[in-house]
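# Survey of secondary and tertiary structure
Each chain, written out:
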Amino acid sequence: MEKTNDSFTTVSVKEGNCISVLGDTYRIVIGGDQTNGTYALVDMLIPPKGGPGPHSHSTFQEAFYIIDGEIKVITKEKVYTAAKGSYVNIPFNRPVHKFTNETDKIAHILCLTTPAGMEKMFQKIGKPVAADTLLPIPQMTPEELKQLQSIAERYGQKLYPPDYFD
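Below or above, wherever it landed, is the structure these notes cover. Since we're looking at a predicted model, the values are computed, not measured.

About the thresholds
Residues numbered from 1 in each chain as written. Predicted model: local features only at pLDDT ≥ 70, side-chain atom pairs only at ≥ 80, totals over all residues. Heavy atoms only, no water. 1 Å grid on protein atoms, 1.4 Å probe; cavity = no way out; pocket = protein on both sides within 12 Å on 5 of 7 lines; lining within 4 Å. Points joined across faces, edges and corners; volume = space filled by probe spheres on them. Helix = DSSP H or I, 4+ residues; strand = E, 2+ residues; numbered from the N terminus. Nonpolar A, V, L, I, M, F, W, Y, C, P; charged D, E, K, R; others polar. Core = buried A, V, L, I, M, F, W, Y, C linked by side-chain atoms within 4.5 Å. Buried < 20%, exposed > 50% of the residue type's maximum accessible area, 1.4 Å probe, protein only. Contact = heavy atoms within 4.5 Å. Axes fitted to C-alpha atoms, helices over the stretch in contact; angles between N-to-C directions. Parallel < 35°, antiparallel > 145°, perpendicular 65-115°, else oblique. Left-handed = near helix turned anticlockwise from the far one by under 90°. Pairing = 2+ DSSP bridges. Phe/Tyr/Trp six-rings, centres within 6.5 Å; stacked < 30°, edge-to-face > 60°. Lys NZ or Arg CZ within 6 Å of the ring centre and 35° of its normal. Lys, Arg positive; Asp, Glu negative; His and termini not counted. Salt bridge = Lys/Arg side-chain N within 4 Å of Asp/Glu carboxyl O. Polar contact = N/O pair within 3.5 Å; in protein donor to acceptor, adjacent residues only side chain to side chain.

## Notes on the layout of surface pockets
Estimates place the volume of the largest pocket at around 860 Å³. Within the residue set of the lining of the largest pocket, elements represented by two or more residues are strand S2 (24–30), strand S9 (98–100), helix H1 (118–125), helix H2 (142–154) and strand S12 (157–159). Of the voids in this model, the second largest pocket is the one considered here, and its volume is about 350 Å³. Forming the boundary of the second largest pocket are 17 residues, of which Leu22, Ile125, Lys127, Pro138 and Met140 lie nearest the centre. Of all the elements, H2 adds the most residues to the lining of the second largest pocket, at 4 residues. Looking at the lining of the second largest pocket residue by residue, the classes come out as 9 nonpolar, 5 polar and 3 charged.

Here you go:
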């Protein structure tokens, strides 16, 4: 991958750091270090029952394009099943949301965030893995959850309890 942010950049199929984030696998295709902080593109594999819990981020806009499989995107106002070819936009300052894979097939999505920076949080909380590797979804202790909350807050994220939408 090209390391400068003022030149034509190419990234091949398996380039980019791969990390397991709570059982999902994220490949940082390109991050803020290569885009002058303008955006980050993350290739995500979401296993069955995977996906982040309820959260919000006021300083990031987040968009998803579903390459394969499907995810359910949940907010207080709407539940949307995003299948292959679908696009979802989460605007700045809105809303508390989560997405989950409720199928028995891995969902493959591209996530674009603007400005960049969210990918740095993923790198901080995730564990390096080989491309296309899925680790089991971890059961977190209260202490680990507190640490995750602290890291998330440093990156402009607010985490909510798993039952937030119930």
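## Points about the nonpolar core
Counting residues in each nonpolar core, the largest one holds 24 residues, and the members touching the most others are Tyr26, Met44, Phe64, Ile71, Phe99, Ile109 and Phe122. Not counting the four nearest positions on each side in its chain, Met44 is found in contact with Thr25, Tyr26, Phe64, Phe99, Ala107, His108, Ile109, Cys111 and Phe122.

## What about the packing of H1 against H2?
Between H1 and H2, the shortest axis-to-axis distance is 9 Å and the interhelical angle comes to 155°. Considering the angle they form, H1 stands roughly antiparallel to H2. For the crossing formed where H1 meets H2, the hand is right-handed. Residues Met121, Lys124 and Ile125 of H1 pack against Leu148, Ile151, Ala152 and Arg154 of H2. Classifying every residue of the contact of H1 with H2 by side-chain character gives 5 nonpolar, no polar and 2 charged.

## A short note on the sheet that holds strand S5 (residues 61–68)
Overall, antiparallel pairing links the 7 strands, which are arranged S8-S5-S10-S3-S2-S1-S11 in an open sheet. A single partner strand is all that each edge strand has here, and the edge strands are strand S8 (87–90) and strand S11 (127–128). Alignment of S5 against S8, held across 4 bridges, turns out to be antiparallel. When the bridges of S8 are listed, Tyr65 appears paired with Tyr87.

## Focus on the pairing of S2
The element S2 is extensively covered by neighbouring structure, given that 7 of its 7 residues are classed as buried. When strand S1 (residues 18–21) meets S2, the two strands line up antiparallel, connected through 4 bridges. In the strand pairing of S2, Ser20 is matched with Thr25. A loop of 2 residues connects S1 with S2, the two strands running antiparallel in sequence, and Leu22 in this loop sits at a positive phi of about 55°. Examined bridge by bridge, S2 and strand S3 (residues 40–46) share 5 bridges and lie antiparallel to one another. Residue pairing for S3: Thr25 is matched across the bridge by Leu45.

## As for the packing of aromatic side chains
The tally for this structure, following the rule as stated, stands at 4 aromatic pairs. Between Tyr26 and Phe122, the aromatic rings sit 4.7 Å apart at their centres with planes inclined by 65°, giving edge-to-face as the arrangement. Of this pair, Tyr26 sits in strand S2 while Phe122 sits in helix H1; the two residues are 96 residues apart in sequence, bridging distant segments of the chain. Measuring from ring centre to ring centre gives 5.1 Å for Tyr164 and Phe165, while their planes differ by 85°; the resulting arrangement is edge-to-face. Positioned above the aromatic ring of Tyr164, the side-chain terminus of Lys76 is 4.7 Å from the ring centre.

## Things to note about the side chain of Glu119
As for its position among the elements, Glu119 is in helix H1. It is Lys120 that comes nearest to the buried, bridge-free Glu119 among opposite-charge side chains, at 5.0 Å. Of note is the side chain of Glu119, whose polar atom sits 2.8 Å from the backbone nitrogen of Gly32. When sequence neighbours within four positions are dropped, the list of residues in contact with Glu119 reads Ile28, Gly31, Gly32, Ala40 and Val42.

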